[in-house]
Amino acid sequence: MTVLVLYASIEGHTRKIAEHAAAKLEQAGQGVILTDIREPGFAIPGRVDGVLLCAPIHIGRYPSPVAQFLIDWKAALAQVPTALISVSLGIHSENAEEREEAQAYPAKLEKKTGFHIPKVHHAAGALKYLEYDFFKRALMRHIAAKEGGSVDTSRDHEFTDWVALDAFVQSFADDVALAGKP
């Protein structure tokens, strides 16, 4: 069994999540092809047994290559177990409305692409203060302060619940294994 793990990453945290998920899938006995969704190369959904997408929400949307990939490959994706790890800081918010907004993004993606992703995990992202330029660092610090989050810009802050992510990936690996049985 082979799983295609595709990611779009802005500051690198979603790539880190995708790499972690790929390693967990391999531990579960799956072969893995890990690649950036903007450069899939030979990685074609119709030739794999499952597809795991990892995509961040930035400025209120997923990166456009994610939606385009779903539009282009929805027929092939419908034939295999497909899942999404949706990465955002909003899912980590103390504010229930912001968490609800983050939880609604996969439905917006479905409406835009016409493809229903049956299995979704919401992973909290990271404040990558060390990666930001001066203006973005100041903006993100202001937002974090308003949220009661960390304003220490001398280091990055990860909020991903790796245990919950591992459980989701194992469940997806089980789905792929079951779908591959005659």
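Everything that follows concerns the structure shown earlier in this document.
Report follows, based on the coordinates. All of these numbers come straight from a predicted model, not from anything done at the bench. Within each chain, residues carry numbers counting from 1 in the order of the written sequence. Residue-level local features of this predicted model are given only where pLDDT is at least 70; pairs of side-chain atoms are given and counted only at 80 or more, and the full residue set underlies all totals for whole chains, interfaces and linings. As a rule here, side-chain values cover all heavy atoms of the structure and leave hydrogens and water aside.

## Here's the deal with unusual backbone geometry
Peptide bonds are trans in most cases, and residues, glycine excluded, mostly fall at negative phi. The backbone phi angle of I59 is positive, close to 50°, even though this residue is not glycine. Secondary structure elements are taken from DSSP: a helix is a run of H or I of four residues or more, a strand is a run of E of two residues or more, and numbering for both begins at the N terminus. Along the polypeptide, I59 turns up in the loop between β3 (50-56) and α2 (64-77). On the basis of relative accessibility, which here comes to 86%, the residue I59 falls in the exposed class. Residue burial is assigned from relative accessible area. The probe radius is 1.4 Å, only protein chains are included, and a residue is buried under 20% of its type maximum, exposed over 50%, and partly exposed in between.

## Some details on the nonpolar core
What we call a nonpolar core is a set of buried Ala, Val, Leu, Ile, Met, Phe, Trp, Tyr and Cys residues that are connected through their side-chain atoms within 4.5 Å. Residues V51, L53, Y62 and L109 are the most contacted members of the largest nonpolar core, which totals 21 residues. Sorting the residues of this core by element identifies β1 (2-7), β3, α2 and α3 (96-113) as the ones contributing at least two each. Ignoring any residue separated from it by four or fewer positions in sequence, one finds L53 in contact with L6, I37, F69, L70, A83, L84, I85 and I117. With 20 residues, the next largest nonpolar core counts A18, A22, C54 and V87 among its residues. Any two residues having at least one pair of non-hydrogen atoms within 4.5 Å are treated as being in contact.

## Remarks on the pattern of salt bridges
Between side chains of opposite charge, a pair can form when the charged atoms approach closely. Here, a salt bridge means any side-chain nitrogen of Lys or Arg that lies within 4 Å of a carboxyl oxygen of Asp or Glu. Summed over the entire model, instances satisfying the criterion amount to seven salt bridges. Among the ionic pairs, R15 bridges to E19, the shortest N-O distance being 3.9 Å. One end of the pair is R15 and the other is E19, both in helix α1 (residues 13-27) and four residues apart, which spans about a single turn. With a closest N to O distance of 2.9 Å, D175 and K119 form a salt bridge. Residue D175 is found in helix α5 (residues 162-179), and its partner K119 is found in strand β5 (residues 119-124); the two are separated by 56 residues along the sequence. The partly exposed category is assigned to D175, whose relative accessible area is 29%.

## A closer look at helix α4 (residues 134-147)
Compared with an ideal rise of 1.5 Å per residue, which puts 14 residues at 20 Å, α4 spans 20 Å between its outermost C-alpha atoms and is within 8% of the ideal. Side-chain atoms alone can form a polar contact between residues adjacent in sequence; in general such a contact is a pair of N or O atoms within 3.5 Å, and within protein one must be able to donate a hydrogen while the other accepts it. Of the residues that open α4, the one with a side-chain oxygen 3.1 Å from the backbone nitrogen of F135 is D133. Downstream of α4 by a residue or two, G148 has a phi angle that is positive, lying close to 80°. For a helix, the expected span equals 1.5 Å multiplied by the number of residues minus one.

## Examining the sheet that holds strand β2 (residues 31-36)
In this analysis, strands are considered paired if DSSP registers two or more bridges between them. Spatially, five strands are ordered β2-β1-β3-β4-β5 in an open sheet, and the strand pairing comes out parallel. In this open sheet, the two edge strands, each paired with only one partner strand, are β2 and β5. Pairwise comparison of adjacent strand axes, ignoring direction, gives a mean angle of 15° for this sheet. Sheet analysis places β1 next to β2, joined by six bridges and oriented parallel. Looking at the pairing, T2 lines up with G31 of β2. This element, α1, spans β1, β2, β3, β4 (82-88) and β5 of the sheet and lies at about 170° to β1. For helices, the fitted axis covers only the stretch in contact; all axes are lines through C-alpha atoms, and the angles between them, taken along N-to-C directions, range from 0 to 180 degrees.

## What about the environment of T14?
Turning to its location among the elements, T14 is positioned in helix α1. With a relative accessible area of 3%, T14 lands in the buried category. In the structure, T14 is positioned 112 residues away from A126 in sequence and 9.1 Å away in space, judged by C-alpha atoms. Residues in contact with T14, not counting those within four places in the same chain, are Y7, A8, S9, C54, A55, P56 and V87.

## Focus: the packing of aromatic side chains
Within 6.5 Å between ring centres, the rings of Phe, Tyr and Trp (the latter by its six-membered ring) count as paired, and their orientation is classed by plane angle as stacked under 30 degrees, edge-to-face over 60, tilted in between. Tallying each qualifying case throughout the model produces four aromatic pairs. Centroid distance F69 to W73: 6.4 Å. Interplanar angle 35°. Geometry classified as tilted. Taken together, the residues span about one helical turn, with F69 and W73 both in helix α2 at a distance of four residues. Its relative accessible area of 5% is what places F69 among the buried residues. Between F134 and F135, the ring centres sit 5.3 Å apart and the planes meet at 80°, which makes this aromatic pair edge-to-face.

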